Amino acid sequence: TLLATSCRVGGIVADLPRPQIDALTRFGREYGMAFQVVDDVLDLVATDAQLGKPAGHDMVEGVYTLPVIWALAGHDGTALRMLLTTEMDDEALTRAAEIVRGSGVLEHAISRARAYASSAQSALDDLPESPGRRGLSAAADHLVGVVEAAALQPAVTG
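Now for a description of the structure that goes with this document. (Residues numbered from 1 in each chain as written. Predicted model: local features only at pLDDT ≥ 70, side-chain atom pairs only at ≥ 80, totals over all residues. Heavy atoms only, no water.)

### Digging into the side chain of Asp40
What counts here: Only DSSP runs of H or I with at least four residues qualify as helices, and only runs of E with at least two residues qualify as strands; both kinds are numbered from the N terminus onward. Whether two residues are in contact is decided by their heavy atoms: any pair within 4.5 Å suffices.
Structurally, Asp40 is set in helix α2 (residues 18–45). Residues in contact with Asp40, not counting those within four places in the same chain, are Thr65, Leu66 and Pro67.

The following block contains the structure:
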């Protein structure tokens, strides 16, 4: 919603025609969804230094992201559920992250992020060709590229 609104306001301030404002709003919504899924995956595969915040912080805070929710529905869901407590320590966090990473859901989440990014790029079809349009499209490609590269690296905690 934040990115959709930001894109929409930008179009309004630029005094663009309504169809272009709507296209920018769609781009922002889809890009924002891709961004959130990428953030969810990075919380599980990146290091503290790469994130600029503690890795796995979402689980410690009781925020169960898309990959965690999907992993809870998998065959190790019961073991994961037992680790996700308000008293989660570093050992439990490490084990929970291993369960999620080993469940196969990260690949599915990256695919979902890629689909959102592609949908965002499709929304740009309603805009005239310009450096701005090319930049927005490149941003969507880069966003997914970042998470794909991070997910290919060996998982490091801490």
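### Section: helix α7 (residues 90–102)
What counts, and what does not: Expected span of a helix: the number of residues minus one, times 1.5 Å. Relative accessibility under 20% of the residue-type maximum defines a buried residue, over 50% an exposed one, and the middle range a partly exposed one, all with a 1.4 Å probe and only protein chains included. Between N or O atoms, a polar contact is any pair within 3.5 Å; within protein, one atom must be a potential hydrogen donor and the other a potential acceptor, and residues adjacent in sequence are included only when both atoms are from side chains.
An ideal rise of 1.5 Å per residue puts 18 Å on 13 residues; α7 measures up with 18 Å between its terminal C-alpha atoms. Those residues of α7 that sit buried are Ala92, Leu93, Ala96, Ala97, Ile99, Val100 and Arg101. Buried residues along α7 sit against α2, α4 (57–60), α5 (66–72), α6 (77–83) and α8 (105–123). Two to three positions downstream of the cap, the backbone nitrogen of Glu91 sits 3.3 Å from a side-chain oxygen, assigning the N-cap of α7 to Asp89. Phi for Gly104, located one or two positions after α7, is positive at around 85 degrees.

### Structural notes on the packing of α2 against α8
The test is simple: Whenever a helix is involved, its axis is fitted only over the stretch in contact; in every case the axis is a line through C-alpha atoms, and angles between N-to-C directions fall within 0 to 180 degrees. An angle below 35 degrees is treated as roughly parallel, one above 145 as roughly antiparallel, one from 65 to 115 as roughly perpendicular, and anything else as oblique. Definitions for this section: a left-handed crossing has its near helix turned counterclockwise from the far helix by less than a right angle. A right-handed crossing has that turn clockwise. Asp, Glu, Lys and Arg are counted as charged, while Ala, Val, Leu, Ile, Met, Phe, Trp, Tyr, Cys and Pro are counted as nonpolar; the rest, among them Gly, fall into the polar class.
Taken N-terminus to C-terminus, the directions of α2 and α8 make an angle of 160 degrees; their axes are 8 Å apart at the nearest point. By the criterion of interaxial angle, the relationship of α2 to α8 is roughly antiparallel. Note on packing geometry: the crossing formed by α2 with α8 is left-handed. Where α2 approaches α8, its residues Ala23, Arg26, Phe27, Glu30, Tyr31, Met33, Ala34, Val37, Val38, Val41, Leu44 and Val45 are matched on the opposing element by Leu106, Ala109, Ile110, Ala113, Tyr116, Ala117, Ser119, Ala120, Gln121 and Ala123. Partitioning the contact of α2 with α8 into residue classes produces 18 nonpolar, two polar and two charged.

### Focus on the pattern of salt bridges
So the rule is basically this: What counts as a salt bridge is simple: a side-chain nitrogen of Lys or Arg found within 4 Å of a carboxyl oxygen of Asp or Glu.
Counted according to the given criterion, the structure contains eight salt bridges. Put simply, Arg26 and Asp126 hold a salt bridge, and the shortest N to O gap is 2.5 Å. On the criterion of sequence distance, the pair formed by Arg26 in helix α2 and Asp126 in the loop between α8 and α9 (131–152) is long-range, its members being 100 residues apart. Since its relative accessible area comes to 28%, Arg26 is described here as partly exposed. The class of Asp126 is partly exposed, set by a relative accessible area of 46%. When the shortest N-O distance is used, the salt bridge between Glu148 and Arg114 registers 2.5 Å. Here Glu148 is found in helix α9, whereas its partner Arg114 is found in helix α8, with 34 residues between them in sequence.

None of the figures reported here should be taken as evidence of function without further support.
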